[in-house]
Amino acid sequence: MNKKEIVKALETIAIYLELKGENSFKISAYRKAARALEEDLRSMNQIEHVEDLPGIGKGTASVINELLETGQSSLLEELKKEVPTGLIPLLKLPGLGGKKLAKLYEQLNIIDAKSLQKACEENRIQHLPGFGKKSEEKILSVLKDFGKSPDRFPIAMVIPIVADIEQQLASIKEIDRFAVAGSYRRFSETVKDLDFVIATKKPEVAAEKLLKLKHVSDVIANGETKVSVELIYEYPIGVDFRLVEPHAYATALHHFTGSQNHNILMRQLAKKRGEKISEYGIETENGELITFESEEEFFNHFQLHDIPPELRIGEKETERFKEDVDLISIEDIKGDLHMHSTWSDGANTIEEMALAAMEKGYEYIAITDHSQFLKVANGLTPDQIKQQREEIKRLNSSFSNFAILTGVEMDILPDGTLDFDDALLEEIDFVIASIHSSFSQNRDKIMQRLIHALNNVHVDLIAHPTGRLIGRRSGYDVDLDMLIDVAKETKTALELNSNPNRLDLAPKWLEKAQNKGVKLVINTDAHHELMLEHMKYGIATARKGWVKSETVLNTYSIGELRKHLNLD
DNA sequence: GCCGTTTTCGGCCCGACTGTTTTCAGTCG
């Protein structure tokens with residue numbers, strides 16, 4: 001059994017224990033053990049004694065060892081016999097947790113959604129202790145929408161929603177300051193709901209106005225400090241607003257940004273010092289409440305450097321940020337090396353793209369229109385590439401302190417060959433190779449295609465290496481460890497595509513690539529001048545992978561870049 | 001179930017809201 005399967009088994013055990021209404025610390029012990037395994041970089045056969053990992057003790061170690069030896073867990077098998085499988089999806093219903101479901105199973109023999117609905121309709125639930133008429137009505141109503149809308153939303157889908165909410169919040173005059181928090185602020189790939197922290201001296205008035213926001217379809221909670229609503233855009237999405245007094249804004253923002261596990265780490269840290277963290281501030285031993293102007297000051301209080309939201313994952317950040325951590329930031333970016341113009345499927349001319357890039361303070365861009373194979377995107381023929389070079393030459397002569405590199409995003413064809421021959425590629429400043437076809441080929445064939453491209457001396461970059469679209473398609477079957485190794489051998493860079501639908505490569509692989517000495521390029525793949533703005537999403541993703549600016553080619557000055565690409 | 005410079009028992013992050021109670025359990029983040 002491999003690590004992934006063991007982690008899955010431990011998590012499944014935790015779910016079953018939850019459904020039995022077990023002690024919550026016991027449940028989280030199994031989850032902790034699963035996390036401990038996941039975080040350890042070694043594979044199962046490289047770990048000699050699992051018990052040595054923090055968070056794994058006698059009990060969970062014996063489960064792990066049994067899984068390793070027999071491929072089964074007697075505990076899990078036993079639990080499966082005791083607890084009906086149909087209860088598991090019901091844990092996702094809002095308002096129903098393990099304890100309540102355990103009660104429903106024991107008292108009314110409810111084993112799945114169907115029997116739960118029946119019991120509600122027959123009014124058998126309202127008589128149970130701890131339940132009432134309202135609980136019954138609520139369960140019926142959540143059952144109705146069960147499974148209708150997606151579990152989590154891809155980040156790209158909620159970006160415009162957040163912008164819309166922010167715009168409305170800005171117009172409420174009782175709100176002093178506000179910010180989006182939660183997994184959106186941490187820039188997770190997908191988010192379940194949205195959180196906003198609001199500083200106000202008039203919480204009642206502000207709360208009232210929040211209930212009148214556009215798209216509000218339901219009010220989930222309406223308290224003094226928390227307003228929870230459902231908004232309907234394409235799908236219904238939950239939005240929590242937390243109202244705090246202005247002086248508590250920084251600690252509240254930290255608290256509601258999370259992650260949950262990051263907060264636990266911070267609170268454990270505080271506890272060791274005899275202090276207590278809550279959203280309202282830090283309570284010292286003598287009962288004094290300290291608040292802060294900024295999150296940075298809050299972290300400094302614990303002798304930590306400012307931990308950016310993207311890295312608040314609850315793993316090693318409280319250790320690593322004892323020191324100053326060198327991470328890439330948006331100011332380091334000096335150019336963008338993947339974008340399209342009206343020559344293929346872009347919306348703006350080359351000149352417009354260049355002007356927009358200058359506006360952002362860049363030193364250079366590369367124009368990388370599609371190659372001839374990609375007919376749907378109006379891919380360029382060799383002749384057109386040559387004509388385009390003339391236009392770029394003309395434009396360059398009119399610029400001072402800015403350069404356009406000639407480029408192409410060349411298709412790696414289904415048979416593994418490249419769309420242009422070497423003689424043409426030789427003349428192009430920046431050559432990107434990428435896959436846009438035959439996604440369903442097996443791993444061997446996909447790797448054969450990628451490796452052929454990597455081995456071509458003219459290819460400078462592999463774009464969106466996995467082809468994934470977050471929440472929509474998983475991409476083609478790439479052996480990423482092998483891709484990284486071959487990229488290192490051939491001195492080819494790998495792309496971090498900043499388009500929020502892609503974010504490809506993902507942070508874990510960026511970290512691996514950087515550790516192996518592979519260079520990265522963070523590009524927007526803009527098809528419109530406004531999409532040059534997507535760079536910030538790439539930066540956030542890079543920071544999640546602990547990427548340093550020296551790893552990233554488009555932090556180089558134009559001189560350094562030309563030298564690296566052997567253009568002079 | 002895990003853990004230990006308040007150690008082998010008794011804690012385990014902390015608080016808001018709801019719906020049930022009549023002081024609190026369960027759920028959620």
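All chains use their own residue numbering, which begins from 1 and follows the written sequence. Working convention: letters from A go to chains and numbers from 1 go to ligands, in the order in which they are written. Per-residue local features of the predicted model are confined to residues with pLDDT of at least 70, and side-chain atom pairs are confined, for both listing and counting, to 80 or more; whole-chain, interface and lining totals are unaffected and use all residues. Heavy atoms from the whole structure form the basis of all side-chain values; hydrogens and water molecules are not counted.

Per an unreviewed UniProt entry, chain A goes by DNA polymerase/3'-5' exonuclease PolX and derives from Pueribacillus theae.

Trainee: Would you explain the side chain of Ser 259 in this entry?
Mentor: Examined against the element boundaries, Ser 259 turns out to sit in the loop between α11 (249–257) and α12 (260–272). For every residue, the accessible area obtained with a 1.4 Å probe (protein chains only) is divided by the maximum for its type, and the residue is called buried under 20%, exposed over 50%, and partly exposed between those limits. For Ser 259, a relative accessible area of 11% corresponds to the buried category. Excluding residues within four positions of it along the chain, Ser 259 makes contact with Arg 186, Arg 312, Ile 313 and Gly 314. Helix and strand assignments follow DSSP, with helices taken as H or I runs no shorter than four residues and strands as E runs no shorter than two, numbered in order from the N terminus. Contacts are assigned to residue pairs that have any heavy atoms within 4.5 Å of one another.

Trainee: Help me out: how do you make sense of the side chain of His 338 in this one?
Mentor: Tracing the backbone shows His 338 in the loop between β11 (335–336) and α15 (350–359). Look at His 338 and you get buried, because its relative accessible area is 0%. A polar contact of 2.8 Å, which involves the side chain of His 338, links it to the side chain of Glu 495. Those residues in contact with His 338, other than ones at most four positions away along the chain, are Ala 366, Thr 368, Glu 409, Ile 432, Ala 463, Glu 495, Asn 497, Asn 523, Thr 524, Asp 525 and Ala 526. Any pair of nitrogen or oxygen atoms within 3.5 Å is treated as a polar contact; in protein, a donor-acceptor pairing is required on top of that, and neighbouring residues in sequence qualify only through side-chain atoms on both sides.

Trainee: Sorry if this is basic, but what is going on with the domain arrangement of chain A here?
Mentor: How big an interface is tends to be reported as the loss of accessible area on association of its parts. The domain boundaries here were taken from an automatic or database domain assignment. Under the domain assignment used here, chain A contains domain 1 (3–83), domain 2 (155–244), domain 3 (249–320) and domain 4 (330–564). If you average the C-alpha positions of domain 2 and of domain 3, the two centres end up 23 Å apart. The partner domain 3 presents 14 residues to the 14 residues of domain 2 that form the contact. A combined buried area of about 1,200 Å² lies between domain 2 and domain 3, and 62% of that area is made up of carbon and sulfur atoms. By definition, the buried area sums, over both parts, the 1.4 Å-probe accessible area that each loses when the two are put together. Its largest share of buried area at the contact with domain 3, domain 2 owes to Arg 177, Arg 185 and Arg 186, together 49% of the area lost on that side. For salt bridges, the criterion is a side-chain nitrogen of Lys or Arg within 4 Å of an Asp or Glu carboxyl oxygen. Where domain 2 packs against domain 3, one counts one salt bridge. At the level of elements, β2 (175–180), α9 (182–185), β4 (194–200) and β7 (236–244) are the ones that each hand at least two residues to the side of domain 2 that touches domain 3. Counting residues per element, the side of domain 2 that touches domain 3 draws most heavily on β2, at four residues. The residue makeup of the side of domain 2 that touches domain 3, split by class, is seven nonpolar, two polar and five charged. Polar here means any residue other than Ala, Val, Leu, Ile, Met, Phe, Trp, Tyr, Cys and Pro, which are nonpolar, and Asp, Glu, Lys and Arg, which are charged; Gly is therefore polar.

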